Amino acid sequence: MLSAGERPQPAHNKNAAVVDATRTPVSKSSLSHSPAQMWSVHPKPEQVQHIWVVTGPAGCGKSTVGRGLQAALGVPFLEGDDFHSLSNKEKMGNGIPLTDADRWDWLICLRNAATTALSPSESNNFHPPSGVVVACSALKQKYRDVMRVAAYGSPNVQIHFVYLKLDETVLLQRVMARQAHYMKSTMVQSQLQDLEEPKGEWDALTINAHAPQEQVMREVLEAVRNKLAEYQ
């Protein structure tokens with residue numbers, strides 16, 4: 001069985017009809033569609049909302065790229081570190097790697113926050129944004145699968161992972177240069193041991209993050225704009 005990250009991305013069809021049971025009565029002809037036909041039905045471009053999860057180990061530039069993407073797209077930004085429990089932060093601050101059990105509640109909390117950001121509310125004057133940017137390490141495929149649940153059951157929501165690829169030497173240099181951050185340089189190695197690069201995952205964009213920050217940001221924006229163009 002294919003995992004969520006290995007499922008092929010549905011082809012984008014700008015001429016496809018919209019199936020919305022809350023607005024349009026369901027006709028008998030629509031009930032005769034095969035599963036394959038129903039899979040090809042896409043919402044109109046103006047209805048699509050995007051979750052952009054910027055991923056990678058500590059030091060790869062998730063927060064910097066995430067905020068740059070936020071500014072370019074004009075959407076909310078969620079810093080994954082802010083959603084860690086105090087006990088998680090204390091463990092990482094003491095050089096103790098997080099376990100899967102430590103990360104489940106964190107991932108679910110962050111996923112729920114992303115879903116909430118896309119929902120109509122008083123904070124957005126009941127005009128939800130076109131997307132949300134999330135900085136989250138999401139080191140393992142099963143962690144990314146937890147985040148993917150945000151788009152399940154909602155054809156209007158598309159999730160994308162922007163993986164910032166960087167080697168261990170540069171990651172260590174960057175983390176060691178940080179000040180007043182709970183993540184220690186020794187944690188980089190444990191994160192790299194957990195890392196499962198999103199190879200073959202159709203919803204992931206891989207960006208080489210060794211270039212200067214400005215160039216990395218340009219490449220991220222180009223990749224994101226190309227992806228958005230598929231929904232036009």
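Residues numbered from 1 in each chain as written. Predicted model: local features only at pLDDT ≥ 70, side-chain atom pairs only at ≥ 80, totals over all residues. Heavy atoms only, no water.

A. Region of interest: the overall build of the chain. Across its full length, the chain holds nine helices and five strands. Across the 232 residues in the chain, those meeting the buried criterion constitute 43%. Considering only residue pairs separated by 6 or more positions, the chain has 78% of its internal contacts joining residues 24 or more positions apart. Accessible surface, the chain: about 12,600 Å² in total, of which carbon and sulfur atoms supply 53%. (Helix = DSSP H or I, 4+ residues; strand = E, 2+ residues; numbered from the N terminus. Buried < 20%, exposed > 50% of the residue type's maximum accessible area, 1.4 Å probe, protein only. Contact = heavy atoms within 4.5 Å. Areas by Shrake-Rupley, 256 points an atom, 1.4 Å probe, with all protein chains shown as cover.)

B. Looking closely at the packing of aromatic side chains. Under the counting rule described, the total for this entry stands at one aromatic pair. Here the aromatic rings of Trp104 and Tyr143 are separated by 5.7 Å at their centres, their planes lie at 85 degrees, and the arrangement is edge-to-face. Here Tyr143 lies in helix H6 (residues 141–148) and Trp104 lies in helix H5 (residues 100–117), a separation of 39 residues in the sequence. The class for Trp104 is partly exposed, based on a relative accessible area of 30%. Its relative accessible area of 1% is what places Tyr143 among the buried residues. (Phe/Tyr/Trp six-rings, centres within 6.5 Å; stacked < 30°, edge-to-face > 60°.)

C. Looking closely at the confidence of the model for the chain. When the pLDDT values of the chain are averaged, the result is 82; 77% of them are 70 or greater. Contacts of residues 8–45 to residues separated by more than four positions or lying in other chains number 36 contacts, the stretch itself having pLDDT below 50. (pLDDT = per-residue confidence, 0-100.)

D. The arrangement of H5 in detail. Taking 1.5 Å per residue as the helical rise, H5 with its 18 residues ought to reach 26 Å, and the 25 Å between its terminal C-alpha atoms agrees with that figure. Residues Asp102, Arg103, Trp106, Leu107, Leu110, Arg111, Ala113, Ala114 and Ala117 constitute the buried set of H5. Angular distribution of buried residues about the axis of H5 spans 160 degrees; they occupy a single face of the element. Among the exposed residues of H5, those oriented more than 90 degrees off its buried face are Ala101, Asp105 and Thr116. Of the surrounding elements, those touching the buried residues of H5 are strand E1 (49–55), strand E2 (77–79), helix H4 (86–93), strand E3 (131–135), H6 and helix H8 (186–194). (Expected span 1.5 Å × (residues − 1). Arc of directions from axis to C-beta.)

E. How the structure looks around the sheet that holds strand E4 (residues 157–165). With parallel pairing, the five strands of this open sheet are ordered in space as E2-E3-E1-E4-E5. Every other strand in the sheet has two partners, leaving E2 and strand E5 (204–208) as the edge strands with one partner each. Between one strand axis and the next, the sheet turns through 20 degrees on average, direction left out of account. Bridge count for E1 against E3 is five bridges, and the pairing is parallel. (Pairing = 2+ DSSP bridges. Axes fitted to C-alpha atoms, helices over the stretch in contact; angles between N-to-C directions.)

F. Examining the packing of helix H3 (residues 62–73) against helix H9 (residues 213–229) more closely. One way to put it is that H3 packs onto H9 with a least axis distance of 10 Å and a crossing angle of 50 degrees. Here H3 is positioned oblique relative to H9, judged by the angle of their axes. As H3 packs across H9, the resulting crossing turns out to be right-handed. Facing Thr64, Val65, Gly68, Leu69, Ala72 and Leu73 of H3, the residues of H9 in contact are Gln213, Val216, Met217, Val220, Leu221, Val224 and Leu228. (Parallel < 35°, antiparallel > 145°, perpendicular 65-115°, else oblique. Left-handed = near helix turned anticlockwise from the far one by under 90°.)

G. Seen up close, the environment of Val220. Among the secondary structure elements, Val220 is positioned in helix H9. For the pair Val220 and Val65, spaced 155 residues apart in sequence, the C-alpha to C-alpha distance is 7.9 Å. The contacts of Val220, once residues within four sequence positions are left out, are Val65, Leu69, Val162, Leu164 and Ile207.

H. Structural context of the pattern of salt bridges. Counted according to the given criterion, the structure contains 11 salt bridges. Note that Lys91 and Asp102 form a salt bridge whose closest N and O atoms lie 2.6 Å from each other. Within this pair, whereas Lys91 is found in helix H4, its partner Asp102 is found in helix H5, the two being separated by 11 residues in sequence. Here Lys91 falls in the partly exposed class, since its relative accessible area comes to 23%. (Salt bridge = Lys/Arg side-chain N within 4 Å of Asp/Glu carboxyl O.)

I. Geometry of the side chain of Ser137. Of note, Ser137 is situated in the loop between E3 and H6. Accessibility expressed as a relative area gives 11% for Ser137, which makes it buried. Not counting residues within four places of it along the chain, the set of residues in contact with Ser137 comprises Thr55, Gly56, Lys62 and Trp106.

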